[in-house]
Structures are given as C-alpha cells and as structure tokens.
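Coordinate inspection notes
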Amino acid sequence: MKKIAVFSTKSYDRTFLDEANTPPRYQLDYFETRLRPETLKLVEGYDGVSCFVNDKVDQSVLEALLAEGVGIIALRCAGFNNVDLETAQRLGIQVARVPNYSPESVAEHAVAMMLTLNRKITKAYNRVKEHNFDLEGLMGFNLSQATVGIIGTGKIGLATLRALKGFGCELLCHDPYPSDAGRALGEYVPLDELYRRSDVISLHCPLTEESYHLINQQSLAKMKPGVMIINTSRGALVNAQDALDGMKQGRIGYLGLDVYELEGDLFFRDLSDQVMHDDVFALLLSYPNVLVTGHQGYFTREALTEIAQTTLANLDAHFAGDKTGNELF
Ligand code: NAI
C-alpha cells in the first residue's frame, strides 16, 4: 500500500479523507504541522505528500522530496502559488490540485461578508445580546442599488456574479480573459473603470506576479471614497499596510478579508492565549468596519467532500500512470 504524508491536517480533513479512502487503498499518515524546510524529516519513506494552502513547497523542499522518492504532491486546494512549479517540473515531481470544488462555497462566503459588513450584523448581534435594541450606527445600504465589481471571472467569480444577480445589483467585471458566461451576468470594463464605478469590489483572481498587491495606495486612490473591498482569494492581492492607511483616511469604508498576506503564521490555529505580533493585522482587527475570517471560504461539507475525493482520485491517477487533468504540468 502506498504511503502518503498528509500535511496541515485538522480533524475535519482526516474525517473526509478517511471517508474517501474507504476501503483503504493508501496509508494516509496525518500531520498537523505544515510542510516546510524544518519539517522535511517527516517525509522519510513516503511515496507522496498532500499539502494545503500554507505549506511551503519551495526548491529546497522539492529537492528533499525527490531525494526521499516522493513522486507526487497532491494539493488539497485550488491555488498553487505556494509551490515552485518550475522546479517541481524540472525534478519530475507531479503536482496535482483540486481545481473545482464547489465554487459556490467561496462565493457564498464573499456575499456573506458583503451583507455582514453592510448591515453591521456583528455589531447588531453583540448589542442585542446585551439587550441593547438601539439602531443608531447600524444603517446600511441596499445591495440592490449598488454597483459591484468582480475582479476575476473564473469559477468563483462567476458563482459570485450568479449569487449577486439575485440581489439586482449592477455588476461590473474585469478579467484578462473575458468569458461569455461572464458577459451574460455583468459588463466587462477596464480595471480603472471598475475601480471608479464600484461601491463594492470583490477579488476572485489568483495570486500572480501581475496581481500581487493589486489593491494598493494607487488603486485605492481610483476608487469611490467609502468603497467596500472583499478579498476571499489570496492575501497578497491586498497590500495590508495600504489597506490600513485607506481605512484610516476613510477611502475604504468596509474591508472583508478571508485571507491575509501573512496568514501562514496565524490562520487555522487557536492563538487566543498569545500576543499578536503583527501590528498591521492587529490594527486592522480593531476597526469596527473590518471583518476578518480565517480562510474559511472553502469550508463547507460539500467542498470538503469534493476536496477529499479529488485528492484521492489525483493520487490514483498518478500511481496508475494516468492523468485526471488536475495536474499542473
Ligand atoms: P479560476 O482559475 O477558475 O479563475 C480565476 C480567474 O481569474 C480566471 O478567469 C483568470 O483569467 C482571472 N485572472 C487571472 N489573473 C487576473 C488578473 N490579474 N486580474 C483579473 N483576473 C485575473 O479560479 P477560481 O476557482 O475562481 O479561484 C479564484 C481564486 O480563489 C483562487 O486562485 C484561489 O486563490 C482563491 N480561493 C480561495 C478559497 C478560500 O477558501 N478563500 C478557496 C478556493 C480558492
């Protein structure tokens, strides 16, 4: 039986992976820790590894994996910006991902963030818990009358557009590769026009060299004062310091982050008894009009089932000398 070292796992990952591995065809050994240079010793004797968003699969890690005879990295996520693909290909280590798991899971979370920020649900929840039924400070705006700009109209961007269509908002899109499906839902416009016209901007593009720090001082200056920005994609799409400055200046009216540039040291863990060392993040958290969730956009039953099944299917194909189409080269 092939042995797979499964990194960055929580109890829920194990539940869904064990279910997908029934009857067992792999020995899945679960590690809570991330795969990174310091934890490489754990991969001794494994045929494959499975990683998640914050595992650091750089050149040194890949070379060590090769030396151990690891032939496949089965990513349990869609994004792959944490893997040095060029080196993996050069070394002949296959990398496969789960490109298509319930895009609605992330889209619905993005919409939940828009509504929560707009209607100040967290504030209202806390007030009512204390029997304070005052409405002062809770006023929102009609999403039906707002213009929402979607950057990146792939699977998740389209699912977000479909969900927002129901609210009746005006929908703007930007993507270097416009699609008919996107055109049927919204109007493709140049990025600067999207910035100028949108009341809400939601990011659904991958993290690449071009999209790194897409939201920065310069782009913020082009947006409507008081704009709402939602990022459920990858943290480094937003320059956090510039976002903080934008909040202070009132350029950003609402900020919803499910991802954060330096989340690797924070997310998926209980740090409630520790001091927060990231000052920018701590300040962002202190703002009442900032809503942060810990990379949970994907976190639905349906998505976890799909992730586990596709991960195992990717392993099956690799060890059978086959392809699923989820391979990255
Ligand atoms: P996708 O590959 O279907 O779509 C991405 C779209 O972005 C494509 O249409 C592409 O042409 C476009 N794009 C690329 N560069 C762009 C740029 N510079 N500006 C505008 N558009 C650009 O990907 P999918 O499945 O929709 O996922 C989008 C992102 O969502 C992923 O890259 C991942 O980072 C993130 N994600 C977040 C999750 C979470 O739990 N918060 C879970 C899953 C994905």
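Residues numbered from 1 in each chain as written. Predicted model: local features only at pLDDT ≥ 70, side-chain atom pairs only at ≥ 80, totals over all residues. Heavy atoms only, no water.

**Some details on the pattern of salt bridges**
Let me state the cut-off plainly: Counted as salt bridges are all cases of a side-chain nitrogen of Lys or Arg within 4 Å of a carboxyl oxygen of Asp or Glu. Helix and strand labels come from DSSP, where a helix needs a run of H or I of at least four residues and a strand needs a run of E of at least two; each type is numbered from the N terminus. Each residue's exposure class comes from its accessible area (1.4 Å probe, protein chains only) as a fraction of the maximum for that residue type: buried when under 20%, exposed when over 50%, partly exposed otherwise.
Tallied over the entire structure, the rule returns 14 salt bridges. The salt bridge involving D180 is made with R183; its shortest N-O contact spans 2.6 Å. Taken together, the residues D180 and R183, both in helix α7 (residues 180-183) and three residues apart, mark about one turn of the helix. Judged by relative accessible area, R183 falls into the partly exposed class, the value being 47%. Between D192 and K222 there is a salt bridge, with the nearest N and O atoms lying 3.2 Å from each other. Taken together, the positions of D192 in helix α8 (residues 191-197) and K222 in the loop between α9 (217-221) and β10 (227-231) put the pair 30 residues apart, joining distant regions of the chain. In this structure, a network of salt bridges that share partners links the residues E170, E187, E193 and R197.

**Quick word on the site of the ligand**
Counted only if it meets this: Residues are counted as near a molecule or strand when any one of their heavy atoms sits within 4 Å of it. Polar contacts, as used here, are pairs of N or O atoms within 3.5 Å; protein pairs need one atom able to donate a hydrogen and one able to accept it. Residues neighboring in sequence count only if both atoms are side-chain atoms. Only the protein chains shown count as covering a residue, and every accessible area follows the Shrake-Rupley method with a 1.4 Å probe. Using only the protein atoms, space was sampled on a 1 Å grid; points where a 1.4 Å probe fits but cannot get out form cavities, open sets with protein on both sides within 12 Å along at least five of seven lines form pockets, and lining residues are those with an atom within 4 Å of a point. A molecule is counted as occupying a cavity or pocket when more than half of its atoms fall within 2 Å of that pocket's grid points. In this classification, Asp, Glu, Lys and Arg are treated as charged, Ala, Val, Leu, Ile, Met, Phe, Trp, Tyr, Cys and Pro as nonpolar, and every other residue, Gly included, as polar.
As a matter of local geometry, the ligand sits amid 23 residues, with K155, I156, D175, T232 and Y298 nearest to it. Take G154: an N or O atom from its main chain is 3.4 Å from an oxygen atom of the ligand. T232 places a main-chain nitrogen or oxygen 2.8 Å from a nitrogen atom of the ligand. Within the complex, 85% of the 870 Å² of free accessible area of the ligand lies under protein. Under a 2 Å grid-point criterion requiring more than half of the atoms, the pocket assigned to the ligand is the largest pocket. Among the residues forming the shell around the ligand, the class breakdown is nine nonpolar, 10 polar and four charged.

**A short note on empty space enclosed by the protein**
Empty space among the atoms becomes apparent when a probe as large as a water molecule is rolled across them. The cut-off we apply is this: Grid points are joined across faces, edges and corners, and a volume is the space filled by probe spheres set on the points.
Throughout the structure, instances matching the rule amount to three cavities of 30 Å³ or more. Breaking the lining of the largest cavity down by element, the ones donating at least two residues are α1 (11-20) and α12 (301-319). Considering every element that reaches the lining of the largest cavity, the biggest residue donor is α1, with four residues. In terms of residue class, the lining of the largest cavity is made up of six nonpolar, no polar and two charged. Roughly 40 Å³ of internal volume is contained in the second largest cavity.

**Quick word on the packing of helix α4 (residues 103-118) against helix α6 (residues 155-165)**
Keep this limit in mind: As a rule, the C-alpha atoms of each element are fitted with a line to give its axis, helices using only the stretch in contact, and angles between N-to-C directions run from 0 to 180 degrees. Just so you know how the angles are binned, under 35 degrees is roughly parallel, over 145 roughly antiparallel, 65 to 115 roughly perpendicular, and the rest oblique. Handedness of each helix crossing follows the sense of rotation of the near helix against the far helix: counterclockwise by less than a right angle gives left-handed, clockwise gives right-handed. Throughout, a residue-residue contact means that at least one pair of heavy atoms, one from each residue, lies within 4.5 Å.
Contact geometry of α4 with α6 gives a least axis separation of 8 Å together with a crossing angle of 50°. As judged from the angle between their axes, α4 and α6 are oblique. Note that α4 runs across α6; the crossing there is right-handed. Along its contact with α4, which presents P103, E104, V106, A107, V111 and M114, the element α6 presents K155, I156, A159, T160, R162, A163 and L164. Looking at side-chain class alone, the contact of α4 with α6 contains nine nonpolar, one polar and three charged residues.

**Section: the environment of L85**
Mapping L85 onto the fold places it in helix α3 (residues 85-91). With sequence-adjacent residues up to four places away left out, L85 is seen in contact with F80, V95, L328 and F329.

**Remarks on the UniProt feature "domain: D-isomer specific 2-hydroxyacid dehydrogenase catalytic" (unreviewed entry) in the chain**
How we decide: UniProt positions are given in the numbering used here, feature names are shortened, and annotations may be inferred rather than shown by experiment.
UniProt's entry tags residues 4-326 with the feature "domain: D-isomer specific 2-hydroxyacid dehydrogenase catalytic" (unreviewed entry), counted in the numbering of this structure. Helix makes up 36% of residues 4-326 and strand 15%. Its end C-alpha atoms lie 18 Å apart.

**Structural notes on the nonpolar core**
The following threshold applies: Remark: nonpolar core denotes a set of buried residues (Ala, Val, Leu, Ile, Met, Phe, Trp, Tyr, Cys) joined through side-chain atoms within 4.5 Å.
Core analysis: the largest hydrophobic core is formed by 43 residues, its most contacted members being L35, V49, V57, L62, L65, I73 and L75. For this core, the elements supplying multiple residues, two or more each, are β1 (2-6), α1, β2 (26-30), β3 (48-51), α2 (59-68), β4 (72-75), α3 and α12. At six residues, α12 tops the list of elements feeding residues into this core. Counting 31 residues, the second-largest nonpolar core is a separate cluster that includes L172, C205, L244 and F267.

**A few points about the sheet that holds strand β9 (residues 200-203)**
So the rule is basically this: We call two strands paired when DSSP finds no fewer than two bridges between them.
With respect to topology, seven strands assemble into an open sheet ordered β8-β7-β6-β9-β10-β11-β12, the strand pairing being parallel. The outermost strands of the open sheet, each flanked by one partner alone, are β8 (187-188) and β12 (290-292). Here strand β6 (residues 147-151) pairs with β9 via four bridges, running parallel. Each bridged residue has a counterpart across the sheet, and for G149 the counterpart in β9 is I201. Contacts between helix α10 (residues 240-249) and the sheet are confined to β11 (252-257) and β12, with β11 contributing the most and set at about 145° to the helix.

**Concerning the layout of surface pockets**
The condition that has to hold: Here the bounds of each domain stem from an automatic or database domain assignment.
Of the voids in this model, the largest pocket is the one considered here, and its volume is about 1000 Å³. Lining the largest pocket are 40 residues; nearest its centre among them are H204, C205, P206, L207 and S233. For the lining of the largest pocket, the secondary-structure elements that each account for two or more residues are α4 and α6. Among the elements that take part in the lining of the largest pocket, α6 stands out by supplying three residues, more than any other. In this structure, the second largest pocket encloses a volume near 450 Å³. As for the second largest pocket, its lining consists of 21 residues, of which V53, N54, N81, N82 and E261 are closest to the centre. For the lining of the second largest pocket, the class distribution of residues is six nonpolar, six polar and nine charged. Counting only domains with at least three residues in the lining of the second largest pocket, you end up with domain 1 (2-101 + 301-319) and domain 2 (103-292).

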